[in-house]
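Listed below, chain by chain, are the residues.
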Amino acid sequence: MTDSTSAPAPPTADTDAPTQPFPGTSPYDDYVHASVLNTLQHPLTEAPDEMGFLVTTQVMELWFTLIVHEWRTARTAFAKDDLHAAVDALTRSRRALTALNATWAPVAALTPAQFNGFRAAFGQASGFQSAMYRHMEFLLGDKSADMLRLHQGDAAVHEALGETYRETSLYEEVLCFLHRRGLPVPGHVRDRDTTAPHTCDPGVIEAWRQVYAGPRHDPLLALGELLTDVAELVTRWRFDHVMVVRRAMGTKSGSAGSTGLAWLERRAARPVFPELWEVRGDV
């Protein structure tokens, strides 16, 4: 034995790591296009919080796109009476909605001073102008000619959004599916104007009441609960939006001419799939 301290052993090579250089761009980037995504952030100020706000908003847009895709997939499956495929798509959308709601975290605690550090830079831009979020609302049955009209200056966006506006909503396809399964969904609901916003209907409440009063393991009951999960997550996203705005700017007017907080609060209070909430008091 000696008093000398042993020298640390040299690090071993990572023999499992790939060593062959890519011949061009990486296969990962060819598929994901991360190099494109990472060029889309262009803060307009030196405010340290603007980058987080910008990235959060862009990530939300990506989640909107996925959710719209899943709801369209579910709508098509219901029209084909394919309950399994519809449930799979709604389940995937539930996971996406959970992730969407979590994206508020980077901006949830902005103070008024922090928000004001970059607010003027985005001028008349506002979240309610998101076309993809409008596709979401139209698919839920929350149709609005006024909201569609806002996008008429962009022909491609207006045309695509107009198709969703005129098509049957996800919830309308659910109700038609329930009717074909023998439940008493009224004809005036099934044959309604698809461009009108869905409103709570006593006949639809009765159809769901029969589902909820039936066997505990009925697949239609599981469907009702899955739709309720979706409705709750959408509502939570809206109320989280209200809280972020309330914390960052209080009752100031919105950046694009809306009343800001008051307008968001009214929209957040609108129920998603209202009969599924009403039926709970009737079972």
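The text that follows walks through the structure, step by step, so that each part is easy to find. Think of each chain on its own: its residues are numbered from 1, step by step along the sequence as written. The predicted nature of this model means local features are confined to residues of pLDDT at least 70 and side-chain atom pairs, given and counted, to a pLDDT of 80 or more, with totals for whole chains, interfaces and linings taken over all residues. Working from all heavy atoms in the structure, the side-chain values ignore hydrogens and water.

**Re the packing of helix α3 (residues 50–79) against helix α6 (residues 131–140)**
Right, so step 1: The geometry of α3 relative to α6 is characterised by a closest axis approach of 9 Å and an angle of 30 degrees between their N-to-C directions. Between α3 and α6, the crossing angle belongs to the class labelled roughly parallel. In this structure, α3 crosses over α6, and the sense of that crossing is left-handed. Listed contacts from α6 to E61, F64, T65, I67, V68, W71, R72 and R75 of α3 are M132, Y133, H135, M136, L139 and L140.
Right, so step 2: Throughout, the ten residues Ala, Val, Leu, Ile, Met, Phe, Trp, Tyr, Cys and Pro are labelled nonpolar, Asp, Glu, Lys and Arg are labelled charged, and all others, Gly among them, are labelled polar. Residue classes in the contact of α3 with α6 are distributed as nine nonpolar, two polar and three charged. Think of each axis as a best-fit line through the C-alpha atoms, taken over the contacting stretch in the case of a helix, with angles from 0 to 180 degrees between the N-to-C directions. Each helix is a run of DSSP H or I of at least 4 residues and each strand a run of E of at least 2, with the numbering of both proceeding from the N terminus. Each angle receives one of four descriptions, namely roughly parallel if under 35 degrees, roughly antiparallel if over 145, roughly perpendicular if within 65 to 115, and oblique otherwise. Take the far helix as the reference: if the near one is turned anticlockwise from it by less than a right angle, the crossing is left-handed, and if turned clockwise, right-handed. It only takes one pair of heavy atoms within 4.5 Å for two residues to be counted as in contact.

**Digging into the packing of aromatic side chains**
Right, so step 1: Any two of the Phe, Tyr and Trp rings considered here, Trp counted by its six-membered ring, make a pair once their centres fall within 6.5 Å; the pair's planes then place it as stacked at under 30 degrees, edge-to-face at over 60, or tilted in between. Under the criterion given, the structure shown has 15 aromatic pairs.
Right, so step 2: When the centroid spacing of 5.7 Å and the interplanar angle of 10 degrees are considered together, the rings of F53 and F122 count as stacked. Placement of F53 in helix α3 and of F122 in the loop between α5 (112–116) and α6 is noted, with a sequence separation of 69 residues between them.
Right, so step 3: Relative accessibility thresholds used throughout: buried, under 20% of the residue-type maximum; exposed, over 50%; partly exposed, between the two (1.4 Å probe, protein chains only). Judged by relative accessible area, which is 26%, F53 ranks as partly exposed.
Right, so step 4: Plain terms: the ring middles of F64 and Y133 are 5.4 Å apart, the flat faces sit at 45 degrees to each other, and that makes the pair tilted. Taken together, the positions of F64 in helix α3 and Y133 in helix α6 put the pair 69 residues apart, joining distant regions of the chain. Of the two residues examined, F64 and Y133, each falls in the buried class.
Right, so step 5: Feature note: the residues F53, F115, F118 and F122 constitute an aromatic cluster, connected by ring pairs.

**Remarks on the pattern of salt bridges**
Right, so step 1: Salt bridge criterion: a side-chain nitrogen from Lys or Arg within 4 Å of a carboxyl oxygen from Asp or Glu. Tallied over the entire structure, the rule returns 15 salt bridges.
Right, so step 2: In this structure, the salt-bridge partner of R180 is D81, at a minimum N-O distance of 2.8 Å. Residue R180 is located in helix α9 (residues 170–180), and its partner D81 is located in the loop between α3 and α4 (83–102); the two are separated by 99 residues in the primary sequence.
Right, so step 3: Among the residues examined, R180 registers a relative accessible area of 40% and is labelled partly exposed.
Right, so step 4: On the basis of relative accessibility, which here comes to 41%, the residue D81 falls in the partly exposed class.
Right, so step 5: Notably, a salt bridge pairs E137 with R134, separated by 2.7 Å at the nearest N-O pair. Taken as a pair, E137 and R134 lie in helix α6 at a separation of three residues, close to a single helical turn.
Right, so step 6: Among the residues examined, E137 registers a relative accessible area of 3% and is labelled buried.
Right, so step 7: Overall, the relative accessible area of 1% leaves R134 in the buried class.
Right, so step 8: A single salt-bridge network, built from bridges that share partners, covers R134, E137, D142, R238, R267 and R270.

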